[in-house]
Amino acid sequence: MSRQDCRILSARFGRPDGHRLAVYQAAGGYQALRLVLAGMKPDEVIEVVKESGLRGRGGAGFPTGAKWSFVPKTADQVYFFVNADESEPGTFKDRYLLDYDPHQTIEGTIISAFAVRANLAFIYVRGEFGWLVDRVQRAVDEAYAAGFLGRNILGSGYDLEMIVHKGAGAYICGEETGLINSVTGTKGQPSIKPPFPAVSGFLGKPTIVNNVETVAAVPWIMLNGAAAYRGFGTEKSPGTKLWSVSGPVRRQGVYEVPLGLPFREFFRDDLGGMRDGEELKACIVGGSSVPVLTAEEILSCTLDYESLQQAGTMLGSGGMIIIPQSADMVELLKVLMHFYWDESCGQCTPCREGTGWLHRVTSKLLKGEAVAEDLALLERICDGMAGLTICPLADAAVMPVRSFLKRFRGEFAARIHETAAAGSPTRWARGE
Amino acid sequence: MEKPVIATDLELTDRSRQRIAALCARYPTRQSALMPCLWVIQDEHGWVPAAAVPYLVDALGVSEARVHELLTFYTMFRTEKPAKYVLQVCRNISCHLLGAREVIAHLEKRLGIRLGETTPDGRFALAGVECLGACGHGPVLQLGKHFYEQLTPARVDAILESLRRDVVPRADTDRLFEEDR
C-alpha cells in the first residue's frame, strides 16, 4: 500500500480552506454521522470502535471502545470532553487537526458522544491557542447552523450541545481529571482514581475524556469499517498515528503514518534525515515525558506501542523530538526540569518538592557547581517521586531524568567538579 | 461580621455583561462558567481588574476565594495591567534546539530589558514561557492570540520595527481569509 493512501486524519492538512464546512462535506464529511444516526444504536457504535482497535492518542494508549463501555448504561446524564489542551513539549498535532480540519473532530465528537449517550460535549482548547479557539468556535457555529448540533440532530431524536472551552495556561489540565476539574470552575488539579471519570467525572456524572486525534479517527472508522482501519498498522497497534516532529531534521512537521513503520525508514524518507552538519544523537519519541533513546536504539525501533515499549520508552503523544550530536544533554535536561517544576500543580508533596529539587540540581550541574554525589541525589529524588502522586506528572519528570542519566551518564559525569571551585553537596532535606 | 461591600466599579460593556449572562445560562452550573467569564473580562480590559472579583462573586454565586484561586492558578490570567505588547518566547526543548536562546538574547538586546521585564515606557514586556505547541515551527513567539514562528534575529527586528509603529504584523497562525474577518 502506498504511503499516500494512509491519510485518514490528515487529508486536508495544509489546505488553506480545509476548515470550511463546505470543503469538509465535499470530501464526504458528516456522512458518517448520517449513517450512525440513521440506523445505529449507541452500543453498536461502541462495538465498531472496539473492533477497530483504536487506542487513545493523547499519551496513555488506552483502548477507546473499552473506555466508552465503562459508562454505566443506567446513567441519567453523561458528559463528553475532547482534550485539546495539547501541551506536552514536542507535540503539535492536535493543533493541526483543529486548524486545518475542525469539522472532522466535531463530527467525531458528535458520534462519540452519541455512543456514550452524552448530551453535552466540551472541546477544551489550550488557552495559548487563542486563534484556534476562535476557529473551532466558528466551525461549531457552522455545525449548529447545518443541523449537526443542537436538538433532534438530522431528525434522529438525538440532542447534543457543544461548548468550546478555552484553557488558561496550565499543563496539568491535560490530565483528564485535571481537565474536568478545570471546567467545573476550580483549579485544574487532578483527582485520585478510582473513581474513574467514566463512572464519576464532571459534576459527579459519568464523563469520557478523549484526545482530539482519537475522536478525529471515529468518522473514518464508522464510514469505512473496523476491518479497513485494521488494514493499517499492526495487530496490536492498528491504524495510523500522527507524529509531530521537531528538531534539526530536514523536514519537520506533522506526519500521518501507519503504526509499525520502521523509524529508520520514516527518518530517511519522510524527515529527509538530519540537516547538513548535524548528526543524530538521541530521540525523545513520544513527547518530553517519555524516556530518551540513543540514536542506535531508535534506529532499530518500529513506531508502534509494543516496539517502543520493548525499547524502554513509550509512544506517548507522538511528539518526536530529534536531538543532534551538538546538543548538550545536561542543558536539555535542565530545560525540561524547569518545565516540570513550573507546571507541577503543587497538590502532591513528592511532585511539588521533587520537581523543584530536580530543577535545582540540574541547574547546579549545568553551572559546573555539582559534586559527585549530586548524580546519586538526582536518582534518590526520582525514587521519592515515581508512582507516589495522584497524577503522572511526577513520573513524567522522573522518566527523562532516569533515562538521560542512564544513557548519557558520561556527559553528566563530565560536569562534576571535585575542586574547591565546586559548591558543597546539595543538602537533602531529610533531617540533616 | 459585616457583609463586605460589593464593589460596582467594574467597567464592562453591555456586550460583555450579556456574554457573561449567556455563559451562566449555557454552562451546566454557574460556577462552571467562571473560567470563560474571566476570559470575557480579560478580553475587554487586557487584564482582570480587582473590581471583577466582587462582580463575579455576585453574578456567579461563587466565593471570593474561588475567583482568586483561578486567577492565581492559571498563568494566562493577568491581575495587573500588562505592557502594550507582551512578547512571550518559548524556551522549551524543541525551540531550544532550534535556536530560542539566540532569539531571546537578541530580543533582550534590542529591547534593552531582560526576560521578565518591561520597558520603562510600558510598551514592551518580554517573558519566557513553556511549550506553546509550535515545536516544529520554532523558535516561536506569542503576541496576543497569535504566534510568530521560525524566528531569526532578522525576523525579530522586522516584528519589533513594525510594533514600534503600532502596526501588528500578520502572524503565521493568522490564516483567516479576508471574507472571514
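Residues numbered from 1 in each chain as written. Chains lettered and ligands numbered in written order. Predicted model: local features only at pLDDT ≥ 70, side-chain atom pairs only at ≥ 80, totals over all residues. Heavy atoms only, no water.

> Can you help me understand the domain arrangement of chain A in this one?
Interface size is commonly expressed as the accessible area that is lost once the parts come together. Residues and elements named next belong to chain A. Structurally, chain A comprises domain 1 (3-230), domain 2 (241-324) and domain 3 (329-422). For domain 1 versus domain 2, the separation of C-alpha centres amounts to 26 Å. Residue-level contacts link 23 residues of domain 1 with 26 residues of domain 2. Buried surface at the junction of domain 1 and domain 2, summed over both partners, amounts to about 1800 Å²; 53% is from carbon and sulfur atoms. In this structure, the connection of domain 1 to domain 2 is made through two salt bridges. In this structure, K241 engages E213 in a salt bridge whose closest nitrogen and oxygen atoms are separated by 2.7 Å. (Domains from an automatic or database assignment. Contact = heavy atoms within 4.5 Å. Buried area = accessible area lost by both parts, 1.4 Å probe. Salt bridge = Lys/Arg side-chain N within 4 Å of Asp/Glu carboxyl O.)

> Got a minute to help me understand the interface of chain B and chain A in this structure?
With 45 residues of chain B at the contact, the number on the chain A side is 72 residues. In total, chain B and chain A occlude about 4500 Å² of area from one another, counting both sides; carbon and sulfur atoms represent 58% of this. Counting the surface chain B buries against chain A, the share from its top three residues, F73, I93 and R175 of chain B, is 15%. The interface formed by chain B and chain A holds five salt bridges in total. Residues R95 of chain A and E149 of chain B are paired through a salt bridge, measuring 2.7 Å at the closest nitrogen-oxygen approach. In this assembly, chain B and chain A are joined by 27 residue pairs in polar contact (both at pLDDT 80 or more). (Polar contact = N/O pair within 3.5 Å; in protein donor to acceptor, adjacent residues only side chain to side chain.)

> Sorry if this is basic, but what is going on with the domain arrangement of chain B here?
By the assigned domains, chain B splits into domain 1 (14-73) and domain 2 (85-180). Centre-to-centre, using C-alpha coordinates, domain 1 of chain B lies 29 Å away from domain 2 of chain B.

> Explain the sheet that holds strand β8 (residues 280-284) of chain A to me, please; I cannot follow it from the model alone.
Two pairing modes exist for strands in a sheet, parallel and antiparallel, and in both the strands are linked by backbone hydrogen bonds. Residues and elements named next belong to chain A. What the five strands build is an open sheet, ordered β6-β5-β11-β8-β9; its pairing is mixed. If you trace the sheet from one side to the other, it starts and ends with β6 (253-258) and β9 (293-294), each paired once. Two strands pair when backbone bridges link them, and strand β5 (residues 240-246) and β6 are joined in this way by six bridges, in the antiparallel orientation. By the bridge assignment for β6, T240 is matched with P258. (Pairing = 2+ DSSP bridges. Helix = DSSP H or I, 4+ residues; strand = E, 2+ residues; numbered from the N terminus.)

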